[in-house]
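Given next are the chains, with one letter for each unit.
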Amino acid sequence: MRNRLLTITFTIACLIAIVVLVRQANIRPSGTRHHFATAENGHHLAAGAHHSLYIDSVGQLWAWGDAKFKNRETAIPVKVADSVMTVSAGDTSATSFYIAIDGTLFGWGDTRHGQMGILSESPIIEPMPIMTDIKTVDAGHDTPYAIDSHSSLWTWGMNNPSRTSGDPGKEMDGALIDPEKVMDLVKLVSSSATHTLAQREDRSLWVWGENTSGALATGSTQRQTHPYKADLSPLEGRFIVKLATRNNASFAVTEDGTLWTWGSANAMLPGKPTQELPSKTLPVKIEFIDNVADIALGDESILILKNDGSVWAYGIGPVTGKTSRNWTTPVRILSDAVEIASGPHHALALKKDGTVWSWGDNDAGQLGNGTRLLSLKPVQVHFHPAISAT
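Cut-offs used in this document
- Residues numbered from 1 in each chain as written.
- Predicted model: local features only at pLDDT ≥ 70, side-chain atom pairs only at ≥ 80, totals over all residues.
- Heavy atoms only, no water.
- Helix = DSSP H or I, 4+ residues; strand = E, 2+ residues; numbered from the N terminus.
- Buried < 20%, exposed > 50% of the residue type's maximum accessible area, 1.4 Å probe, protein only.
- Contact = heavy atoms within 4.5 Å.
- Core = buried A, V, L, I, M, F, W, Y, C linked by side-chain atoms within 4.5 Å.
- Phe/Tyr/Trp six-rings, centres within 6.5 Å; stacked < 30°, edge-to-face > 60°.
- Lys NZ or Arg CZ within 6 Å of the ring centre and 35° of its normal.
- Pairing = 2+ DSSP bridges.
- Axes fitted to C-alpha atoms, helices over the stretch in contact; angles between N-to-C directions.
- pLDDT = per-residue confidence, 0-100.
- Salt bridge = Lys/Arg side-chain N within 4 Å of Asp/Glu carboxyl O.

## What about the overall build of the protein?
For step 1, the next point in the chain: Helix and strand counts for the protein come out as one helix and 28 strands.
For step 2, the next point in the chain: Residues counted as buried form 52% of the 390 residues belonging to the protein.
For step 3, the next point in the chain: Counting contacts in the protein only where the partners sit at least 6 residues apart, residues at least 24 apart contribute 48% of the total.

## Details of the nonpolar core
If you look at soluble globular proteins, the nonpolar side chains tend to sit buried side by side.
For step 1, the next point in the chain: Grouped together as the largest cluster of nonpolar side chains are 30 residues, with contacts concentrated most on Leu-61, Leu-105 and Trp-108.
For step 2, the next point in the chain: Elements that contribute at least two residues to this core include exactly β2 (51-55), β3 (61-65), β4 (74-81), β5 (84-89), β6 (95-100), β7 (105-111), β8 (120-131) and β9 (134-138).
For step 3, the next point in the chain: Ranked by size, the runner-up nonpolar core spans 14 residues in total, among them Ala-230, Leu-243, Ala-252 and Trp-262.

## Some details on the packing of aromatic side chains
For step 1, the next point in the chain: This structure, assessed with the given rule, holds nine aromatic pairs.
For step 2, the next point in the chain: With a centroid separation of 5.0 Å and an interplanar angle of 40 degrees, the aromatic rings of Tyr-54 and Phe-383 are classed as tilted. In this pair, Tyr-54 sits in strand β2 while Phe-383 sits in the segment after β28 (375-381), placing the two residues 329 residues apart along the sequence.
For step 3, the next point in the chain: Accessibility expressed as a relative area gives 1% for Tyr-54, which makes it buried.
For step 4, the next point in the chain: Look at Trp-62 and Phe-383: their rings are 5.5 Å apart centre to centre, the planes differ by 65 degrees, and that puts the pair in the edge-to-face class. Here Trp-62 is found in strand β3, whereas its partner Phe-383 is found in the segment after β28, with 321 residues between them in sequence. No difference in accessibility class separates Trp-62 from Phe-383, as the two residues are buried.
For step 5, the next point in the chain: In textbook terms, an aromatic cluster arises when at least three aromatic residues are bridged by ring pairs, as seen for Tyr-54, Trp-62, Trp-64 and Phe-383.
For step 6, the next point in the chain: It is Arg-200 that lies over the ring of Trp-206; its NZ or CZ is 5.8 Å from the centre.
For step 7, the next point in the chain: Taking the ring centre of Phe-239 as reference, the NZ or CZ of Arg-203 above it sits at 4.3 Å.

## A closer look at the sheet that holds strand β19 (residues 259-263)
For step 1, the next point in the chain: Here we have four strands laid out as an open sheet, ordered β17-β18-β19-β20, and antiparallel in their pairing. At either margin of the open sheet sits one strand with a lone partner, and together these are β17 (240-246) and β20 (280-285). On average, each strand axis in the sheet is inclined to that of its neighbour by 15 degrees, with strand direction left out of account.
For step 2, the next point in the chain: Pairing geometry for β19 and β20, over three bridges, is antiparallel. When the sheet's bridge partners are listed, Gly-263 is paired in β20 with Lys-280.

## Topic: the side chain of Ser-151
For step 1, the next point in the chain: With respect to the secondary-structure elements, Ser-151 resides in the loop between β10 (145-148) and β11 (153-157).
For step 2, the next point in the chain: When neighbours within four sequence positions are excluded, Ser-151 is seen to be in contact with Lys-135, Met-183, Asp-184, Leu-185, Val-186 and Glu-201.

## What to know about the confidence of the model for the protein
For step 1, the next point in the chain: Averaged over all residues, the pLDDT of the protein is 87; the fraction at 70 or higher stands at 82%.
For step 2, the next point in the chain: Under a pLDDT of 50 for its full length, residues 1-40 has, in the predicted model, 31 contacts with residues more than four places off or in other chains.

## Brief notes about the pattern of salt bridges
For step 1, the next point in the chain: If you walk through the whole model with that rule in mind, you get nine salt bridges.
For step 2, the next point in the chain: Notably, a salt bridge pairs Glu-73 with Arg-372, separated by 3.2 Å at the nearest N-O pair. Remark: Arg-372 occurs in the loop between β27 (356-360) and β28 and Glu-73 occurs in the loop between β3 and β4; sequence separation between them is 299 residues.
For step 3, the next point in the chain: A residue is classified by how much of its surface remains accessible, and Glu-73, at 42% relative accessible area, is partly exposed.
For step 4, the next point in the chain: Relative accessible area serves as the criterion here: at 41%, Arg-372 is assigned to the partly exposed category.
For step 5, the next point in the chain: Residue Asp-290 is joined to Lys-306 by a salt bridge in which the shortest nitrogen-to-oxygen separation is 3.5 Å. Residue Asp-290 is found in the loop between β20 and β21 (292-297), and its partner Lys-306 is found in strand β22 (residues 301-306); the two are separated by 16 residues along the sequence.
For step 6, the next point in the chain: Through salt bridges with shared partners, one network takes in Glu-236, Arg-238 and Asp-256.

## Comments concerning the sheet that holds β22
For step 1, the next point in the chain: One open sheet accounts for four strands, arranged β21-β22-β23-β24; its pairing is antiparallel. At either end of the open sheet lies a strand with only one pairing partner, and these are β21 and β24 (331-334). Taking the axes of each pair of neighbouring strands and ignoring which way they run, one obtains an average angle of 30 degrees across the sheet.
For step 2, the next point in the chain: Sheet topology note: the β22/strand β23 (residues 311-315) ladder contains five bridges and is antiparallel. Bridging from a neighbouring strand, Ser-301 pairs with Gly-315 of β23.

Printed below as a string of structure tokens:
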């Protein structure tokens, strides 16, 4: 009997030791080399108007620049939260959103239009819960969109043309504080101040908002106040895997690594001055680059991540370092990247070794290198675990 008890005790001790070892193997210190999930499973980077966000390898969320966190502007990263899955940042006001691993959507920053679920002239300076059971969020242009675990699309915030109602007979009026359901079976969403794109699970693309430039890909310039099915015939059956929008312009990356655009051609296509480039009402293929994995949009620049890990940019401004409006080819920025993000005038890249790099405007410390000096070349962002806002 005694021997049996010793055997059982030894077996339990071994099992406990195995569990401890497995847990330790799965916990890696911030900044070490590891495999990152694809953007479909969560964005680790986000670049706002004057701030930056990053989720490290153990799920810690860091912020720097004018993020309104604790109402302090900082040129070095400070820790905001633990157990974070994905992030998104507003492109004009200081708004930040993240989804915790339990599916709770949190936000902080400006909420004059109800972006945080309340109306206030003063910013929310610490993360507050907004919704539960959420898997994807797009900060939009003060009109956030979220997709829940049942693939339903929700919206709230500012009454931009990009905001719509799930009820075709309902007119939008004023700020929307409580999230409202738009449609079901949604896989991807991207929204700007002028329009919104939503890909459904059957791969169809639904669009609404302003359309004077053809940004809705309907073959016309007629405005759509409620979801309308886009014409994707130029894609010849290619499936869209990434969507991106900015005012009056739309982009899509397809499964074969080709890049497509429609709407306003400002800073979109190379070769001629901006004002000579006509708008497109249906998708057109960008011929000068291939093997595209992801894109991120600035005010007048496009950041491109290729499948080989190289990062390219074209257009004008501090992200590309170019000022002439006559450009013909993208500029190679860096290599070995797994993720990118772009604000209006600064950009971020996450490399395979777990390091984060930034370049562009730095007036609010959004490059995270301890200075407020513009940098046209990537500088490394350093994270110090002991630093947190108090």
